Amino acid sequence: MTRPRFPRDPQDLRGAFREHEGPAVDVAGLMSGVRHRIDRRRQRRRTAGIVAVGIVTALAAGLPIVVSSIPDQNSGIAGGSSQPAPTATASAPAQDQPLDRDALGSTQFGFTVAERPSDYTSENASTGPGWQLLRLFVPDSVQPNRTLDVRLFDPVLAGLPAPEPTGETVTVDSASAGQLTVQVISLSQEGQSYPGVGWLTGNGLWLTVTSDGPADLARKEALAVAAQVDLEHPYPLTFPFQVGYVPDGFDLVGGGTSSPLPGGSTYLRFHDLSPLFVESESALTIRVTNQPGIPEDAVVNTTVGQYEATITGDGYLSIYNVEGFLIDISVRPDFVDRIDDEQLRQIGVRILVIPGAATDGTIWTDQPLG
Amino acid sequence: MQAVMERPYSLSSPTQDWRPVDFEEFAADRLPSLTRYATMLAGSREVAEDVVQDALVKTHAKWKKISTLDRPDLYVKRIVTNEFMSLRRRRKVSTVPLEPEFAEVVHADRAPSHEETSADRDALWAELARLPRQGRAVLVLRFYEGLSDNEIAIVLNCRPGTVRGYGSRALAALRIELADWRLTAEEDR
C-alpha cells in the first residue's frame, strides 16, 4: 500500500481539492430544482399545522401550577432529585389594553379573532421580531390547504414588505370597533402577492387579513375576518414549559404554538439583537413537542438528569420523554462558538416542564421565561 | 453583544462593482462556484447540489435584503455553509473513508511518484471528511476559495481569531505543516 508522506504542505491540500471538484455543474438542471423547491416551500409553509386543533385558551387567574425541572447528573447544575421542584405560578393575561408596539416579538398576542369562519378547522399562532401571525386553516374541496392569515406587524421592524393598497376602501361592521374602514390591499410574501384587506392601527402597526384562495373568495373572507378582529384584548400565548436560563446576550424574540394536544409543538426563539444581524432566523430555538418515548432514529449518547438525550457537539441537544415531551434545543451553526455544549446542558437542565401538561393544555403557562 | 467586525475587503475590489438585481441571474451566475464550494465541504457532489439548492431557496426568501448587501456573495456562502453544518445533525454522519487509516509515516526523503501523490491526495480527502465541520469549512474557504481570515470570519459569523483556531487545529489533524497561517491568504492574492 502507498502511504502518505508527512509532513504535508498546503499544496497537497490544494491538490486534493482540485482533484475532487467533479464534473461541470449542470446549471440549468440545478436552477430547475431550485425553482421547484421554492414552489414546494411556499406550499409547505401554507400547509404546516393542518392537523392542528386550536390554540390553548388563557389560564384561569391565579391557578398555581408545579413544574418539574431536569436535575443534571452530568453537569451538577440544577441539583439532584431530592431538591424540591421549582414552582411557577401561571397567571392571567397581564394586560387588557391594546398591545404596545414594543411588545411585538414577545409572546403576547396583540389581537383576537372573535369568531372564526364557518369552514375553519385549525390554526397556528406565532410571533417574531416586529410581527405576529395567526394562520387560520379553511380547507375546501378545491384547495385543501387554503389559509387565511391575520397579521399584526411593523414592516420596518419585521423586514416585511408593506401592504400595497389598491386605492379601494370598504367599511365593515366591526365586532369591537363599530364602523371600520379598511383598505383593499395586496401583500407580498416570498415573491407572491396575496389579496386581502388591511388597516393601520392606532399605534401605527398594520393589521392585514389575506388569503391564498381565489380573488373573489379571498376578498369576501378577508372582509368577514377583518370584522371579527379585536385589537383591544391582547392575550398571551401559553406553553407547557418554562426556560430558566439562556446565555448572556440572547433575548426572546418570539414563539409559537402549532397545536396544543396531542402531538403539538411549541417553541421559543432567542437571538442576539445586535444590529449587525440582518437574518431573521433566530440563533437559539427551544422546541417542546408533545411526543413521548425516544424517536427511532435517535442516537442516544448521554443523559441530562434522569432523561436520555442526544448531544451532537455542534449545537444540538435533544432530551427525550420529559413528562411526555421531546425537548429540542438547537443553535444555529454560526452561533455554536458562543453557545457550547456545557451551555446547552445548562439551558436543558433549567427547562421546567409542567407535569400533566402533555394531556392537559389548561395548565400551560403564559410566562415561558422562569 | 457581537463584536463589531472591521470590514475586511477593499471597496475597490471587482465584486463591489457588481450589483445583482435579479435572483435568477444571481443564482445562475453563482451556481457553479457555489456547487464546487459545497462539494469541497460535503465531500460529495450529490450532497453538495442538495445543499446549494436549499441554500438558494433561503436566499430567494430574503433576496430583497440580500441583494442590497455589500457582499451578497459572502452572505450566500454563509447560507451554504450553514446548510452544510446542519446536515444530519441529529443522526450519525456516515462518512466512508476512501482509504483505510494510514498507521505508518513515510518521511519525505525522496520525491514522491505520481501514484504516491495521487494516493496521498485521496487519503487527504478522506481525512478531510473526518474533520470537525468548522475546521473543514475553514480549510476549504482558505485553500480552495482563497479567502482571508476576515472574509472567512464573515462567512462563519465568528471572529478572525476563531478562524485561526479552527484552521490551526484542522491543519494539525491533517499533519500539514504551515509556517504562518496568516501568510497563506497573502500568497493566494
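Scoring rules and cut-offs
Here the residue numbers are simple positions, counted from 1 along each chain's written sequence. Both sets of labels track the order of writing: A upward for chains, 1 upward for ligands. Local features in this predicted model are restricted to residues of pLDDT 70 or higher, and side-chain atom pairs are both shown and tallied only at a pLDDT of 80 or more, whereas totals for entire chains, interfaces and linings draw on every residue. The basis for every side-chain value is the complete set of heavy atoms in the structure, and neither hydrogens nor water enter the calculation. Helix and strand definitions here come from DSSP, where helices need a minimum of 4 consecutive H or I residues and strands a minimum of 2 consecutive E residues; each element is numbered from the N-terminal end. Buried, partly exposed and exposed residues are distinguished by accessible area as a fraction of the type maximum, computed with a 1.4 Å probe on protein chains only: under 20%, between the cut-offs, and over 50%, respectively. Any two residues whose heavy atoms approach within 4.5 Å at even a single point are treated as in contact. The protein chains shown are the only cover counted for residues, whose accessible areas, like all others here, come from Shrake-Rupley with a 1.4 Å probe. Here a cavity is any set of points on a 1 Å grid over the protein atoms alone where a 1.4 Å probe fits but cannot get out, and a pocket is any open set with protein on both sides within 12 Å along at least 5 of 7 lines; a residue lines the site when it has an atom within 4 Å of a point. Grid points are joined across faces, edges and corners, and a volume is the space filled by probe spheres set on the points. Ten residue types, Ala, Val, Leu, Ile, Met, Phe, Trp, Tyr, Cys and Pro, are classed as nonpolar, four, Asp, Glu, Lys and Arg, as charged, and the remainder, Gly among them, as polar. The pairing criterion for strands is at least two bridges between them, as found by DSSP. Two aromatic rings from Phe, Tyr or Trp, using only the six-membered ring of Trp, form a pair when their centres are within 6.5 Å; if the ring planes differ by under 30 degrees the pair is stacked, by over 60 it is edge-to-face, and anything between is tilted. Whether a charge sits over a ring comes down to the Lys NZ or Arg CZ being within 6 Å of the ring centre and within 35 degrees of the ring normal. As used in this record, nonpolar core signifies buried Ala, Val, Leu, Ile, Met, Phe, Trp, Tyr and Cys residues forming a set joined through side-chain atoms within 4.5 Å. Note on method: axes are straight lines fitted to C-alpha atoms, helices fitted across the in-contact stretch only, with angles between N-to-C directions ranging 0 to 180 degrees. The labels follow the angle: roughly parallel below 35 degrees, roughly antiparallel above 145, roughly perpendicular from 65 to 115, and oblique for the rest. Put simply, a crossing is left-handed when the front helix is turned counterclockwise from the back one by less than a right angle, and right-handed when it is turned clockwise. Pairs of N or O atoms are called polar contacts if they sit within 3.5 Å, as long as, within protein, a hydrogen donor faces a hydrogen acceptor (for residues adjacent in sequence, only side-chain-to-side-chain pairs).

Caption draft 1: Quick look at the overall build of chain A. When you go through chain A residue by residue, the secondary structure sums to five helices and 23 strands. In chain A, which comprises 370 residues, the share counted as buried stands at 54%. For chain A, long-range pairs separated by at least 24 residues make up 61% of all intrachain contacts whose partners lie at least 6 apart in sequence. With the model as given, the accessible surface of chain A reaches about 15200 Å², and the carbon-plus-sulfur share is 51%.

Caption draft 2: How the structure looks around the side chain of T266 of chain A. Residue and element names in this part refer to chain A. Its location among the elements puts T266 in strand 17 (residues 265–271). For T266, a relative accessible area of 1% translates into the label buried. Each residue touching T266, except ones within four places of it in the same chain, is listed here: T238, F239, P240, F241, G256, T257, I286, R287, V288 and W364.

Caption draft 3: Quick peek at empty space enclosed by the protein. Residues and elements named next belong to chain B. Applying the stated criterion across every chain, the model contains one cavity of 30 Å³ or more. By volume, the largest cavity amounts to about 80 Å³. If you list the elements that add at least two residues to the lining of the largest cavity, you get helix 5 (72–86) and helix 8 (149–156). It is helix 5 that contributes the most residues to the lining of the largest cavity, three residues altogether. Residues that form the lining of the largest cavity fall into these classes: seven nonpolar, three polar and two charged.

Caption draft 4: A look at the pairing of strand 6 (residues 122–128) of chain A. Residues and elements named next belong to chain A. For strand 6, the tally of buried residues reaches seven of seven residues, placing the bulk of the element in the interior. A two-sided burial pattern is seen for strand 6, the buried positions comprising S122, N124, S126 and G128 on one face and E123, A125 and T127 on the other. Sheet topology places strand 6 next to strand 7 (residues 131–137); seven bridges connect them, and they run antiparallel. Note that in strand 7 the partner of E123 across the bridge is L136. The turn linking strand 6 back onto strand 7 is made up of two residues, and G130 within it adopts a positive phi angle of 80°. Here strand 6 pairs with strand 16 (residues 251–257) via two bridges, running antiparallel.

Caption draft 5: Representation of the packing of aromatic side chains. All told, the structure shown has seven aromatic pairs over all chains when counted by the stated rule. Ring geometry for F17 of chain A versus Y144 of chain B: centroids 5.9 Å apart, planes at 65°, classification edge-to-face. Separated into two different chains, F17 of chain A in helix 1 (residues 10–19) and Y144 of chain B in helix 7 (residues 133–144) make up a pair that spans both. According to the relative accessible area criterion, F17 of chain A is buried, its value standing at 0%. Residues F239 of chain A and F241 of chain A carry aromatic rings whose centres are separated by 5.9 Å and whose planes lie at 85° to one another, so their mutual orientation is edge-to-face. A residue is classified by how much of its surface remains accessible, and F239 of chain A, at 0% relative accessible area, is buried. A relative accessible area of 0% means that F241 of chain A is categorised as buried. One Lys or Arg, K77 of chain B, reaches over the ring of Y37 of chain B and ends 5.5 Å from the middle of that ring.

Caption draft 6: The nonpolar core, seen in detail. One finds F111, V150, L207, V209, F241 and I329 of chain A to be the most contacted residues of the largest nonpolar core, which totals 64 residues. Ignoring anything within four residues of it in the chain, the contact list for F111 of chain A reads Q132, L134, V150, L152, L207, V229, D230, L231, P234 and Y235 of chain A. Ranked by size, the runner-up nonpolar core spans 56 residues in total, among them I38 of chain A together with L56, V57 and F143 of chain B.

Caption draft 7: Just the packing of helix 2 (residues 23–42) of chain B against helix 7 of chain B, in detail. Residue and element names in this part refer to chain B. Here helix 2 crosses helix 7 at 135°, and the two axes come no closer than 9 Å. When the axis of helix 2 is compared with that of helix 7, the two are oblique. Relative to helix 7, helix 2 is oriented so that their crossing is right-handed. From helix 2, R36, Y37, T39, M40, L41 and A42 reach across to helix 7, where they touch R136, A137, V140, L141 and Y144. Looking at the contact of helix 2 with helix 7 residue by residue, the class counts come to eight nonpolar, one polar and two charged.

Caption draft 8: How the structure looks around the side chain of T302 of chain A. Considering the arrangement of structural elements, one finds T302 of chain A in strand 19 (residues 302–304). A distance of 2.5 Å separates a polar atom in the side chain of T302 of chain A from a polar atom in the side chain of R345 of chain A.

Caption draft 9: Up close: the pairing of strand 20 (residues 307–311) of chain A. Residues and elements named next belong to chain A. Of all five residues in strand 20, four are buried; the element is thus mostly enclosed. Here three bridges tie strand 19 to strand 20, and the two strands are oriented antiparallel to one another. Within strand 20, the position partnered with V304 by the bridge is Y307. Between strand 19 and the antiparallel strand that follows it, strand 20, lie two residues; G305 among them carries a positive phi value of about 65°. Strand direction decides the pairing type here: strand 20 and strand 21 (residues 316–322), joined by three bridges, are antiparallel.

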